[in-house]
Every structure is written in C-alpha cells, then in structure tokens.
Amino acid sequence: MKSRIPIFLVCVLSYLFVVLPVTPVFPQELTDGSRLVIEAYPDTPSEKISRHIYGHFAEHLGRCIYGGFWVGEGSEIPNVRGIRTDVVEALKKVSPPVIRWPGGCFADEYHWKEGIGPKEERPPMLNTHWGRVVEDNSFGTHEFMDLCEQLGTEAYVAGNVGSGTVEEMQDWVEYMTYAGDTEMGLLRKANGREDPWKVPFMGIGNENWGCGGQMEPEFYAELFRRYSTYVREYSGNQLTEIAGGAGSDDYRWTEVLMRDVGRRMDAMSVHYYVVPNTWQKKGPATGFGEADWFSVMRKSLELDPVLQRHIAIMDRYDPENRVQLMVDEWGTWYDAEPGSTPGFLYQQNSLRDAVSAAIMLNIFNSHARRVKMANLAQTVNVLQAMILTEGDKMVLTPTYHVFEMYKVHQDADLLTTRLQTRPYHFEEGKVDRLHASASRKDGKLYISIANTDPRIAEPLEIELRGARASNIQGRILTADQLDTHNTFENPDQLKPQRFSSVERTDRGISLTVPGRSVVVLQGEIVDAP
Ligand code: AHR
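Residues numbered from 1 in each chain as written. Predicted model: local features only at pLDDT ≥ 70, side-chain atom pairs only at ≥ 80, totals over all residues. Heavy atoms only, no water.

Caption draft 1: Main features of the sheet that holds strand β26 (residues 508-513). If you trace the five strands from one edge of the open sheet to the other, you get β17-β1-β22-β26-β25, paired in mixed fashion. Whereas interior strands pair on both sides, the edge strands pair on one side only; in this sheet they are β17 (416-420) and β25 (502-504). Here the strands of the sheet are splayed against their neighbours by 20 degrees on average, with no regard to which way each runs. (Pairing = 2+ DSSP bridges. Helix = DSSP H or I, 4+ residues; strand = E, 2+ residues; numbered from the N terminus. Axes fitted to C-alpha atoms, helices over the stretch in contact; angles between N-to-C directions.)

See the structure below:
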C-alpha cells in the first residue's frame, strides 16, 4: 500500500527546509530604515568587475575632440603634441581603462586614410551628423593612439560599416597592428610610427539600425559576418570584435544577432540613454524641477531590467557566457545649453547626473558576469561629460567625481548584495530610495551607495556576512540644490567630501545616507573566523 504524506506536512517541510534558509533576515516592514546584506565569504566564487566598465567614449562631435582633447601643437593652451595637458592630467586621476573612438554615428562616415600623413595634406571633411562642420582631419589615428598612450588607456576603435568598405576596415587594422613591411605596415612607418600599436577592441559599425545605415538586424548580421572575416589579428595583437548592438530595449536586434552570428562575435554592444522627457523636448540640464529629477532616477534604475532582458537572450544562445556585453554608450541626454550649437550636444552636468551615474555604475557592476565594458557618453564637452572646457579653462563635472570615487571597483571581486530599501515617492510614482554595490580587492571592502530621494536621509544597516570590516572611511558627493553644478567661475561647488558619520556595529556598518547623495565607503576586510 502506498504511503500518503499529508499535503500540509509537505508545505511545512518545504517552508522549513527550502524557503527559510534563503529568506533574508529582513523584517516585513521597513519602518526605521534600509538594510543591506553583503555576502563577503572568502571562499565564495565571485565575478571580477571588469575595469572596462569604467570606460569612456570620445566622438568627433561638437567640442569633444577639437577643443576638448585636441588644440594642436601650435596652441597657447599647454599641450603635448597637440593634446591638452590639463584634460589628460585630470583623466589620469580616474584611471581610464579604455576609450572608444571615433564615434558614434561619426564612425560610419569616417574614412581613416584621410586622417593620416602630413597634416597639411589631409583633406577636410564634412561632419554631416554633428553640426555639418568642416573638420581638417588633424586628429586621426596617430593622434588617437598618442592620446591613449598619454592616458595609459586601451584603444577601442569603431570601424565604418555604414559607408566604408571591407577593404578599408581590413587595411585599418593592418595599418595599426601589423609589424612587418606590407603596404599598410610601411605606410604607418613612413608616417612616423615604427612599432605597431595594440588595439584590443574593434567595433564593427555603430547603431547600424539607425545612423549607421538604417539596417534590419538580419542584413547587419550578414555584414557583420563579412566584415569581421577580414578583421584579423596581427603581430600578437589580440582583438575583441564587437558587433554593433541594440538601442535600449530593442530586444529583437539582440535576438537576431545572437541567433545568426552569436557564435562569430566576441562581444555585442547596447546603448542606453536617459532622457527625462521626450526626444523632441528632453528638458534642461539645470534649472529643472522635481519631476525631471524623478524621471532621471526612474530611467536610470530601468537600465537594470533592460540589461536583464538582453542578457537573458544572450544566455539562451550562449549558455557558456562567452560573448561579452558592452554598453559602449550610456548617459544622460538633455536639451543643448541655450546659446550653444544644437548639433554639438553640449550640456551642463549637475548633482542629478552624479546620482544617475552612481546608479548606472552600480547596475553595471551587478551584471559583471556578462557586462564587460561600458563607455560613458562622452568624455569632454558632449552629453554627460566628465570634463567641460572653454578656451584654456577646464572644469571637472559631478560625473567626473563619481568616476573618481568609484574607481576602487575596477577589477575588484563583486560581492553579492541584497538591499531592502524604502521608496522615494513622487506624485503617483515611486522608485527605490537607495541603490548599492559592493566589491572587495586586496584586503579592502568597497561599498557604493546612491540616495535618489531629493530630501530624505535614509538610515542604512549593513550586515557583512563572512567577514569583518575595520578602519571604515567614507566620502560623499552631495549639495544643497538638485542642479548644483560646477562652472568655470565656480569649479568646486560640488566635489567629494569626507563622510565620517559611519559606525561599526556587531554585524557590520551603520550610517545614514543623506538625501540626493552618492556615498562610497571603504575599509579593511578580515575574514570572519
Ligand atoms: O553619443 C551621441 C550619439 O548617440 C552617438 O553618435 C550615437 O551612436 C548615439 O545615437
């Protein structure tokens, strides 16, 4: 006779043995603050947060290259071989791991051979995407590689699929990376560079569903197959080939590419921009109200589900997790500053951008398994810039300071975190008040936290499991106004300050995270006996 186990017993046993052990120790209601559990057990395998997540993007757009990085050898602005010294020195302080160039939309109309050789012989070109300005091609391949060497950063070169030929892309890679005396190798040497450069990352087009050729994904997949065949590795150079990916939530693009050429690519990109209102009327970079603040917080947080869906598609076609996801353009996008050329995409950068950047970087960290690169759009004078320049003046933006505070996460081991937080309400909507990420490296613990709420300071109890932290130090970025920003006249309105209101508790760390702020904590970490 079959023995029957009463159903209620099954439920009780499953609750005891299955549900309870994985249920966090959070209370049902958070009445007195938020709680963050960090799994810091020494033996738990973890993902490394690729340093390339803290990458940059520099396009021939507005004053990013010309005026931003490049002033030319004859300029009175201090420079090394034409590249601004102040900008290079400032960027070096954030340890830039990679820089993507020459676009963006510009990449698919750039013909690299026009940007090499004696400057006076380089033909002028019309930058049709961005303001229809004429560029003299004085900043080309050699100047970009020089910039990378001055910064100590790796090169990510985006090739032209939209209006370029297979031969042109093949030649470019050979020109940059082949050591021997072929036509391309000799041409490079004749232009003053004996040794080949290393080019670790090569993009096969950009936004080919839009400015990069208005293609269907099936058509682009065929082109990717063809172009990538001729993008070869020479002289010990190891290339990661990046397929031009989707814009935001275009999951069909990702699906088709993974299905048709997933096995051929090393990586695929995705772009994600935060626009507070509509593309037609985005909203100002400063002088905005709480509705725009809330919208930026909400859309920054929505990056997470968007990435989850792209990653779920990739997981289906690539369960071995071989193909990397590169968010090679991301950032906030507002109306251009009044009085500036609209096509130059010049915008100010405020505390709001800092909190948004903190959220986005936390999200990239959390997807470290699949996301191996992210490139902020853009480095100087364009969109969510790190740096703004005007003539010989330079100012560091709040977003720059977040990159400086967050650089501790580069190549660190991601720690599993579980955050239970209270909401920030605005009108009918609500978003999480706190957002966090944690990592460890070389005996140090790093925790980065953003508070989206414009007013309310949030108490936070951090429980550290498997380890103890000591000598905890904090830094904070915050200001009185939601749109506080740095100007050339007032460059230090917003910069990181010491944050000492942090206490050690029996279980970990206790603090109150001020409203509208970014906090980064660091401490020594000792494995618990
Ligand atoms: O970053 C500005 C532009 O945004 C890039 O050129 C393009 O790829 C994207 O649409």
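Caption draft 2: View of the site of the ligand. Near the ligand, the surroundings consist of 14 residues, among which Glu59, Cys105, Glu207, Tyr273 and Glu329 are the closest. In the model, an oxygen atom of the ligand is placed 2.8 Å from a nitrogen or oxygen of the Tyr273 side chain. Residue Glu329 places a side-chain N or O atom 2.7 Å away from an oxygen atom belonging to the ligand. Calculation on the ligand without its partners gives an accessible area of 280 Å², and the protein chains cover 94% of this total. Among the detected pockets, the ligand sits in the second largest pocket. Here the residues of the shell around the ligand sort into seven nonpolar, four polar and three charged. (Near = heavy atom within 4 Å. Polar contact = N/O pair within 3.5 Å; in protein donor to acceptor, adjacent residues only side chain to side chain. Areas by Shrake-Rupley, 256 points an atom, 1.4 Å probe, with all protein chains shown as cover. 1 Å grid on protein atoms, 1.4 Å probe; cavity = no way out; pocket = protein on both sides within 12 Å on 5 of 7 lines; lining within 4 Å. Sits in = over half its atoms within 2 Å of the grid points. Nonpolar A, V, L, I, M, F, W, Y, C, P; charged D, E, K, R; others polar.)

Caption draft 3: Representation of the state of the cysteines. Following the criterion strictly, the structure yields one disulfide and no others. Paired through a disulfide, Cys105 and Cys211 show a sulfur-sulfur distance of 2.2 Å. Taking the torsion about the sulfur-sulfur bond, which here is approximately -85 degrees, the covalent link between Cys105 and Cys211 counts as left-handed. Residue Cys105 is located in the loop between β5 (98-101) and β6 (125-127), and its partner Cys211 is located in the loop between β9 (201-204) and α6 (217-229); the two are separated by 106 residues in the primary sequence. Here Cys64 is not cross-linked by a disulfide; its sulfur's nearest cysteine counterpart is in Cys148, at 13 Å. (Disulfide = S-S within 2.5 Å.)

Caption draft 4: A look at the side chain of Thr240. Mapped onto the elements, Thr240 comes out in strand β10 (residues 240-247). The residues touching Thr240, leaving out its near neighbours within four places in the chain, are Pro200, Phe201, Met202, Asp266, Ala267, Gln324 and Met326. (Contact = heavy atoms within 4.5 Å.)

Caption draft 5: The packing of aromatic side chains, seen in detail. This model, assessed by the stated rule, comprises 20 aromatic pairs. Between Trp112 and Tyr175, the ring centres sit 4.9 Å apart and the planes meet at 50 degrees, which makes this aromatic pair tilted. One end of the pair, Trp112, is in the loop between β5 and β6; the other, Tyr175, is in helix α4 (residues 166-177), and 63 residues separate them in sequence. With a relative accessible area of 0%, Tyr175 lands in the buried category. An angle of 35 degrees between the planes, with centres 5.5 Å apart, marks the rings of Phe294 and Phe426 as tilted. Of this pair, Phe294 sits in helix α8 (residues 290-301) while Phe426 sits in strand β18 (residues 423-426), and the two are 132 residues apart along the sequence. Of the two residues examined, Phe294 and Phe426, each falls in the buried class. Members of the aromatic cluster, each reached through a chain of ring pairs, are Trp70, Trp101, Phe106, Tyr110, Trp112, Phe139, Phe144, Trp172 and Tyr175. We note Arg100 situated over the ring of Phe57; from NZ or CZ to the ring centre the distance is 4.7 Å. Sitting over the face of the ring of Phe288, Arg352 holds its NZ or CZ atom 3.6 Å from the ring centroid. (Phe/Tyr/Trp six-rings, centres within 6.5 Å; stacked < 30°, edge-to-face > 60°. Buried < 20%, exposed > 50% of the residue type's maximum accessible area, 1.4 Å probe, protein only. Lys NZ or Arg CZ within 6 Å of the ring centre and 35° of its normal.)

Caption draft 6: Broad picture of the pairing of strand β13 (residues 371-377). Judged by how many residues are buried, β13 sits mostly within the fold: six of seven residues are covered. Across four bridges, the pairing between strand β12 (residues 324-332) and β13 is parallel. Residue pairing in the sheet places Met326 in a bridge with Met373 of β13. Crossover β12 to β13 through helix α10 (residues 351-366) is right-handed. (Right-handed = clockwise from strand over helix to strand, strands pointing away.)

Caption draft 7: Structural context of the side chain of Lys189. Structurally, Lys189 can be placed in helix α5 (residues 183-190). Engagement of the side chain of Lys189 in a polar contact is seen with the backbone oxygen of Ala179, the distance being 2.8 Å. Dropping the residues within four chain positions of it, Lys189 is found in contact with Ala179, Gly180, Asp181 and Glu194.

Caption draft 8: Molecular detail of the domain arrangement of the protein chain. If you check the domain split of the protein chain, you get domain 1 (26-46 + 415-527) and domain 2 (51-411). Relative placement of domain 1 and domain 2: their C-alpha centres are 30 Å apart. Listed as interface residues are 42 residues of domain 1 and, on the opposing side, 41 residues of domain 2. For the pair domain 1 and domain 2, the summed buried area comes to about 3200 Å², and 70% of that belongs to carbon and sulfur atoms. Summed over the three residues of domain 1 that lose the most area to domain 2, namely His435, Leu482 and Phe488, the buried surface amounts to 22% of that side. Seen at the junction of domain 1 and domain 2, the total is two salt bridges. At the junction of domain 1 with domain 2, the criterion picks out 16 residue pairs in polar contact (both at pLDDT 80 or more). If you list the elements that add at least two residues to the side of domain 1 that touches domain 2, you get β18, β19 (429-432), β20 (434-441), β21 (444-451), β23 (467-478) and β27 (517-527). It is β20 that contributes the most residues to the side of domain 1 that touches domain 2, six residues altogether. (Domains from an automatic or database assignment. Buried area = accessible area lost by both parts, 1.4 Å probe. Salt bridge = Lys/Arg side-chain N within 4 Å of Asp/Glu carboxyl O.)

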